Amino acid sequence: MTTQTALPDGPLAPQQRAGGENFPVALRMLPRATREHLLALYRYARFVDDLGDEPVPGLSTRARTAALDAFEAEVRELYDGRPVRHPVLRGLAPTVSACRLPAGPLLRLIEANRVDQTVTRYETVEQLVGYCSLSADPVGELVLHVFGRPEPALIARSDRVCTALQVLEHLQDIAEDHRRGRVYLPAADLDRFGVAETDLAAATASGALRALVRFEAGRARAWLDAGTPLVGALHGWARVAVGGYVAGGRATLRALRRSGYDPLPGPPRPRRRDIARSWLGLMIRSAG
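Nothing here was measured: the structure is a model prediction, and the numbers come from that model.

Trainee: Which parts of the structure should I look at to understand the overall build of the protein chain?
Mentor: A count of helices and strands for the protein chain gives 15 helices and zero strands. Across the 288 residues of the protein chain, 51% fall into the buried class. For the protein chain, the accessible area works out to roughly 13,300 Å², and carbon and sulfur atoms hold 53% of it.

Structure below.
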């Protein structure tokens, strides 16, 4: 198996990136074993995302797709019970075994990054939601497996939360995504609000773009609200962790509102005190 040599080194090395970023679910209060499982998932998702998206001079679309294919082949080898060499998968293997992770969500994350190689625009919100079902929803499903609660009704709630969080991230990163040649605002919505793609390259948002971002944030809020009952359906550490995800989404909505729905000067980032306040409120309400 030549997967290890087929994958790029340097900026995409998972040990360097995963250790330097915050993982919103791996709260310090969680038991060590749970944190390790969640971090293994994070490193996997982060590496796959970087493999499909991280700027690397000279790395072509064809080379990225080949690297994604090679990594998927090694994921399948892991599930076939064969030894794997990639450090991300070696780190994930104990979690796959202990938490009985299905291969499907892991493979959908890879497929999302294949899509990114060829699809840079979405005509409708339905198409965007379909993309989120590959790029975001699998993470929530895997987290539920870590906590032993991968029930269909809970996964459906989780999908709403994860789609909302993905859309909110897209709203924060409109300028950066546009510089990379990608637009995650549905074309139908751009037309409806009279926003041209050239408006996304401005230093600050026009009134029309602010109205569009506010509209998209409101839709994400509705999805987040629809998924929030998931927190109350969970117990113990699962409630603590998933509540952190939802609280982060609510704090991001506040950050967007605080920016006047103008993310172009720089991504509006949630304040820690807003996350903590939202999380505490969720814990109190879910305990009632």
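Trainee: Looking at this structure, how should I read the packing of helix α6 (residues 103–118) against helix α8 (residues 137–146)?
Mentor: When two helices pack together, their arrangement is given by the angle between the helix axes and the distance between those axes. Closest axis-to-axis distance for the α6/α8 pair is 9 Å, and the angle between their directions is 155°. Our classification of the angle between α6 and α8 gives roughly antiparallel. Note that α6 runs across α8; the crossing there is left-handed. Judged by residue contacts, Pro105, Leu106, Arg108 and Leu109 of α6 engage Pro138, Val139, Glu141 and Leu142 from α8. For the contact of α6 with α8, a count of residues per class yields six nonpolar, no polar and two charged.

Trainee: Help me understand the nonpolar core, please; the structure alone is not making it clear to me.
Mentor: Most often, soluble globular proteins keep nonpolar side chains buried together rather than apart. The biggest cluster of nonpolar side chains holds 76 residues, and the ones touching the most others in it are Tyr44, Phe71, Leu92, Ile110, Leu171, Leu185 and Leu209. The biggest single contributor to this core is helix α14 (residues 236–258), with nine residues. Dropping the residues within four chain positions of it, Leu92 is found in contact with Ala40, Leu41, Tyr44, Leu101 and Leu106.

Trainee: Whenever I open this one, the side chain of Glu141 confuses me. Can you help?
Mentor: You can see Glu141 is positioned in helix α8. Among all residues touching Glu141, those that are not within four sequence positions of it are Pro102, Pro105, Arg108, Ile155 and Ser158.

Trainee: Mind showing me how you'd approach helix α12 (residues 207–227) here?
Mentor: Note: α-helices contain 3.6 residues per turn, so residues at a spacing of three or four share the same orientation. In this model α12 runs 30 Å from its N-terminal to its C-terminal C-alpha over 21 residues, within 8% of the 30 Å that 1.5 Å per residue would give. Three or more residues of α12 are buried, namely Leu209, Leu212, Val213, Glu216, Ala217, Arg219, Ala220, Trp223, Leu224 and Gly227. All buried residues of α12 lie within an arc of 160° about the axis, which places them on one face of the element. Opposite the packed face of α12, turned more than 90 degrees from it, sit the exposed residues Gly207 and Arg214. Along its buried surface, α12 packs onto α7 (125–135), α9 (152–172), α10 (174–179), α11 (187–193), α13 (229–233) and α14.

Trainee: What's the story with the environment of Arg285 in this structure? I'm lost.
Mentor: As for its position among the elements, Arg285 is in helix α15 (residues 272–287). On a C-alpha basis, the gap between Arg285 and Val231 in space is 9.5 Å, while along the polypeptide they are 54 residues apart.

Trainee: Honestly, the side chain of His145 in this entry has me stumped. Any pointers?
Mentor: Structurally, His145 can be placed in helix α8. If sequence neighbours within four positions are ignored, His145 has contacts with Cys99, Arg100, Leu101, Pro102 and Pro150.

Trainee: Explain unusual backbone geometry here, please?
Mentor: Trans peptide bonds make up the majority, and among non-glycine residues the majority have a negative phi. Its identity as a non-glycine residue notwithstanding, Arg100 has a phi of 55°, on the positive side. On the secondary structure map, Arg100 appears in the loop between α5 (87–99) and α6. Even without a glycine there, the phi angle at Tyr261 is positive, about 60°. Here Tyr261 falls in the buried class, since its relative accessible area comes to 13%.

Trainee: How should the packing of aromatic side chains be read in this particular structure?
Mentor: Each aromatic ring pair is described using two quantities: the centre-to-centre distance and the angle formed by the ring planes. Throughout the structure, instances matching the rule amount to six aromatic pairs. Aromatic pair Tyr122 and Tyr131: ring centres 5.4 Å apart, planes at 40°, arrangement tilted. In this structure, Tyr122 and Tyr131 share a single accessibility class: buried. Taking the centre distance of 5.8 Å and the plane angle of 25° together, the rings of Tyr131 and Tyr184 count as stacked. Residue Tyr131 is located in helix α7, and its partner Tyr184 is located in the loop between α10 and α11; the two are separated by 53 residues in the primary sequence.

Trainee: Could you clarify how one ought to interpret helix α4 (residues 61–79) in this entry?
Mentor: Helix length check: α4 (19 residues) gives 27 Å between terminal C-alpha atoms against 27 Å at 1.5 Å per residue, within 8%. Within the sequence span of α4, burial applies to Arg64, Ala67, Leu68, Ala70, Phe71, Glu72, Glu74, Val75, Glu77 and Leu78. The positive-phi residue at the C-terminal boundary of α4 is Gly81, with phi of around 80°.

Trainee: I would appreciate a short explanation of the environment of Glu141 in the present structure.
Mentor: Accessibility expressed as a relative area gives 14% for Glu141, which makes it buried. Separated by 18 residues in sequence, Glu141 and Asp159 have C-alpha atoms that sit 7.7 Å apart.

Trainee: How should the pattern of salt bridges be read in this particular structure?
Mentor: Pairing between side chains of opposite charge can happen when their charged atoms approach one another. Taken as a whole and assessed by the stated rule, the structure comprises 20 salt bridges. When the shortest N-O distance is used, the salt bridge between Asp49 and Arg46 registers 2.5 Å. Of this pair, Asp49 and Arg46 are both found in helix α3 (residues 32–53), three residues apart, which corresponds to roughly one turn of the helix. Salt bridges sharing common partners tie together Asp69, Glu72, Arg76, Glu111 and Arg114.

Criteria and cut-off values
Residues numbered from 1 in each chain as written. Predicted model: local features only at pLDDT ≥ 70, side-chain atom pairs only at ≥ 80, totals over all residues. Heavy atoms only, no water. Helix = DSSP H or I, 4+ residues; strand = E, 2+ residues; numbered from the N terminus. Buried < 20%, exposed > 50% of the residue type's maximum accessible area, 1.4 Å probe, protein only. Areas by Shrake-Rupley, 256 points an atom, 1.4 Å probe, with all protein chains shown as cover. Axes fitted to C-alpha atoms, helices over the stretch in contact; angles between N-to-C directions. Parallel < 35°, antiparallel > 145°, perpendicular 65-115°, else oblique. Left-handed = near helix turned anticlockwise from the far one by under 90°. Contact = heavy atoms within 4.5 Å. Nonpolar A, V, L, I, M, F, W, Y, C, P; charged D, E, K, R; others polar. Core = buried A, V, L, I, M, F, W, Y, C linked by side-chain atoms within 4.5 Å. Expected span 1.5 Å × (residues − 1). Arc of directions from axis to C-beta. Phe/Tyr/Trp six-rings, centres within 6.5 Å; stacked < 30°, edge-to-face > 60°. Salt bridge = Lys/Arg side-chain N within 4 Å of Asp/Glu carboxyl O.

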